[in-house]
Amino acid sequence: MDGFKIVLEIAPTLIALFFAIQIFRSSGALDLIVRFLTPIGKLLKIPKEVLPVIFAKLFSSSAATGFLLDIYKTSGPDSLAGFMSSVILSSTETCFYTLSVYYSVVGIKKIRYTLTGALLAVFVGTFISVFISYF
């Protein structure tokens, strides 16, 4: 019975996140962010196709997996972009999704230090994933 209660408590948060991701993707805002991040990606030797995966992974694992499947279709799973995206998806967590779901269940409102630590961990995990992908 407790499990059902938890599902009812987190359902609004989950639904809001799913809608926000779809709106963000459909509006073209993601394309704008990818264009903005492309110079940084070139500096770090990250293929342009991988940037949406990195950004989407912060919010939704299913959206990032959708981008990964697009990379598999266009470049192939054995390509650098496919391999790098796979390593990135397996090395980091959906930062904002996890914080919003778990903290809403517990009732925590202030996430300042947790968010900073989580974003730092995602950045380090992504950087190391890119580094490992070249070996």
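Since the model is a prediction, treat every value here as computed from it, not as a measurement.

Take the packing of aromatic side chains next. Centre distance and the angle of the planes are the two values used to describe a pair of aromatic rings. If you walk through the whole model with that rule in mind, you get three aromatic pairs. For the pair Phe59 and Phe96, a centre-to-centre distance of 4.9 Å together with 15 degrees between the ring planes defines the contact as stacked. One end of the pair, Phe59, is in the loop between α3 (51–57) and α4 (61–74); the other, Phe96, is in helix α6 (residues 95–106), with 37 residues separating them in the sequence. A ring pair is formed by Phe131 and Phe135, whose centres lie 5.0 Å apart and whose planes are at 70 degrees; its orientation type is edge-to-face. Each residue in the set Phe55, Phe59 and Phe96 is aromatic and connected to the rest through ring pairs, giving one cluster.

For the rest of this paragraph, the subject is unusual backbone geometry. One can expect most non-glycine residues to show negative phi and most peptide bonds to be in trans. If you check the backbone angles, Lys45 has positive phi at about 60 degrees while not being a glycine. As for its position among the elements, Lys45 is in the loop between α2 (29–43) and α3.

Moving on: the side chain of Lys57. Looking at the secondary structure, you find Lys57 in helix α3. It is Glu93 that comes nearest to the buried, bridge-free Lys57 among opposite-charge side chains, at 5.3 Å. If sequence neighbours within four positions are ignored, Lys57 has contacts with Ala64, Leu89, Thr92, Glu93, Thr94 and Cys95.

One can find Thr38 in helix α2. Excluding anything up to four places from it in sequence, Thr38 contacts Lys48 and Leu51.

This part takes up the environment of Tyr102. Turning to its location among the elements, Tyr102 is positioned in helix α6. Along the backbone, Tyr102 and Met84 are 18 residues apart, and their C-alpha atoms lie at a distance of 28 Å.

All right, on to the environment of Ser27 then. Position of Ser27 among the secondary structure elements: in helix α1 (residues 2–27). A relative accessible area of 52% means that Ser27 is categorised as exposed. There is a polar contact of 3.3 Å between the side chain of Ser27 and the backbone nitrogen of Ala29.

Calculation rules
- Residues numbered from 1 in each chain as written.
- Predicted model: local features only at pLDDT ≥ 70, side-chain atom pairs only at ≥ 80, totals over all residues.
- Heavy atoms only, no water.
- Phe/Tyr/Trp six-rings, centres within 6.5 Å; stacked < 30°, edge-to-face > 60°.
- Helix = DSSP H or I, 4+ residues; strand = E, 2+ residues; numbered from the N terminus.
- Buried < 20%, exposed > 50% of the residue type's maximum accessible area, 1.4 Å probe, protein only.
- Lys, Arg positive; Asp, Glu negative; His and termini not counted.
- Salt bridge = Lys/Arg side-chain N within 4 Å of Asp/Glu carboxyl O.
- Contact = heavy atoms within 4.5 Å.
- Polar contact = N/O pair within 3.5 Å; in protein donor to acceptor, adjacent residues only side chain to side chain.

Geometric values such as these leave the question of function open.
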